[in-house]
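The residues making up each chain are set out below.
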Amino acid sequence: MLNGMSSKTSSASNSTKRPRVLMLADAAKPHIRERVAELRPVLEKHVDVVAMVDDFSAGLPTAEVDLAVVLGGDGSMLRAAHAMGYQQLPVLGVNLGHLGFLTDISPDTMQKHLNDILAGKYLAENRFLLTAGIFRGNEQINQSQAFNDVVVHKCNVGRMIQLETYINDVFVSRLRADGLIVSTPTGSTAYALSAGGPILHPQLQALVMVPICPHSMNNRPIVIEDKNQIDIVVCDNARDNTQITCDGQIAYSLNAGDRIRVEKKKRPIRLIHPVQHNHYELLRAKLHWAENPLRS
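Residues numbered from 1 in each chain as written. Predicted model: local features only at pLDDT ≥ 70, side-chain atom pairs only at ≥ 80, totals over all residues. Heavy atoms only, no water.

Draft legend 1. Focus on the overall build of the chain. A count of helices and strands for the chain gives five helices and 18 strands. A burial count over the chain gives 50% of its 296 residues as buried. Sequence separation of 24 or more characterises 70% of the internal contacts of the chain that already satisfy a separation of 6 or more. For the chain, the computed accessible surface area is about 14,300 Å², with 48% contributed by carbon and sulfur atoms. (Helix = DSSP H or I, 4+ residues; strand = E, 2+ residues; numbered from the N terminus. Buried < 20%, exposed > 50% of the residue type's maximum accessible area, 1.4 Å probe, protein only. Contact = heavy atoms within 4.5 Å. Areas by Shrake-Rupley, 256 points an atom, 1.4 Å probe, with all protein chains shown as cover.)

Here it is in structure tokens:
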């Protein structure tokens, strides 16, 4: 039903089979647990809930599931994406958190939006992901994936780290800073924005590299095409001071000489939105750009 539909507004399905839904929430948080208890009966009026997962364990039961519904904040959406292994299962986010750039449906309007979505009235969009491979010498010792960003950063509060960056094997810069963020357009409103990076429209085929508190103000964010391969080399790590983190969740310690290769993942993740979804309205509301727009 939802799988394989166009990224444009979809028409209703002729199938009478009830959709099968995987429901995910961080139920360890009391306020989330209470809302999930309220919202699950609403879901079950319309769909078969195949499983309710509240610990985001790896290897979720995604076979023969039409839709994943994530109840929580953007952090819950990121954890769910990691746990599902970034499969192309459509994902719908219900915002029980704070900002909600990824989980953009209010729990108060969930039933209405769910009726529309199950009738085929929704927008679907693909968001691309990143892979981050760690190379020590000629050996790849780790690989992770990221929805928002890959961050190479210091662990010791009182010390900077030194990094070299390469794009398609061409030397770009040597950086002394607290770290470096490589972000997708989706992640451009997260850590990258806090570090002074630009906001990228989610459909741009681009990456942004944002230094974190650089020693020299000449080191500025740079936007590049998503087809590029980025290599980050750890130059100085005498005190085991450097880590890589993907989406703020997966951390791995780095040694001097380690090379991190960041590339676009071929298979995207698929987000479901109400038909009224508008990225600029979302930015205006979440970032408080204007209370009342002027009209002629």
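Draft legend 2. Summary view of unusual backbone geometry. The phi torsion at N168 lies on the positive side, around 50 degrees, for a residue other than glycine. Following the sequence through the fold, N168 ends up in the loop between β9 (161-167) and β10 (170-177). The exposure class assigned to N168 is partly exposed, which follows from its relative accessible area of 40%.

Draft legend 3. Spotlight on the nonpolar core. Judged by nonpolar contacts, the single largest core of 25 residues is most densely connected at L130, V150, I230, I232 and I260. With residues near it in sequence (within four places) discarded, I260 still touches A132, G133, I134, V152, I230, D231, I232, V234, I244 and L254. Ranked by size, the runner-up nonpolar core spans 24 residues in total, among them A25, I32, V36 and L92. (Core = buried A, V, L, I, M, F, W, Y, C linked by side-chain atoms within 4.5 Å.)

Draft legend 4. How the structure looks around the packing of aromatic side chains. The tally for this structure, following the rule as stated, stands at one aromatic pair. Each ring, one from Y166 and one from F171, has its centre 5.4 Å from the other, and the planes form 55 degrees; the classification is tilted. For Y166, a relative accessible area of 18% puts it in the buried group. You can call F171 partly exposed: its relative accessible area is 41%. (Phe/Tyr/Trp six-rings, centres within 6.5 Å; stacked < 30°, edge-to-face > 60°.)

Draft legend 5. Local environment of the pairing of strand β3 (residues 67-72). With six of six residues buried, β3 lies mostly within the body of the structure. Pairing analysis gives five bridges linking strand β1 (residues 20-25) to β3, with the strands arranged parallel. Across the sheet, residue A25 finds its bridge partner in β3, namely L71. (Pairing = 2+ DSSP bridges.)

Draft legend 6. Molecular detail of the pattern of salt bridges. Counted by the stated rule, this structure contains 14 salt bridges. Close ionic contact of D178 with K154 constitutes a salt bridge, the shortest N to O distance being 3.2 Å. One end of the pair, D178, is in the loop between β10 and β11 (179-183); the other, K154, is in strand β8 (residues 149-154), and 24 residues separate them in sequence. Between E164 and R174 there is a salt bridge; the shortest N-O distance is 2.6 Å. Of this pair, E164 sits in strand β9 while R174 sits in strand β10; the two residues are 10 residues apart in sequence, bridging distant segments of the chain. You can call E164 buried: its relative accessible area is 13%. Each of the salt bridges in this network shares a partner with another, and the network as a whole consists of R35, E38 and D108. (Salt bridge = Lys/Arg side-chain N within 4 Å of Asp/Glu carboxyl O.)

Draft legend 7. Just the sheet that holds β11, in detail. Within the open sheet, the six strands sit side by side as β13-β12-β11-β8-β15-β16. Their pairing is antiparallel. Pairing within the sheet leaves two strands with one partner each, and these edge strands are β13 (222-225) and β16 (250-254). Recorded for the sheet is a direction-independent mean angle of 20 degrees between the axes of neighbouring strands. Of the strand pairs in this sheet, strand β15 (residues 242-246) and β16 are connected by five bridges, and their pairing is antiparallel. (Axes fitted to C-alpha atoms, helices over the stretch in contact; angles between N-to-C directions.)

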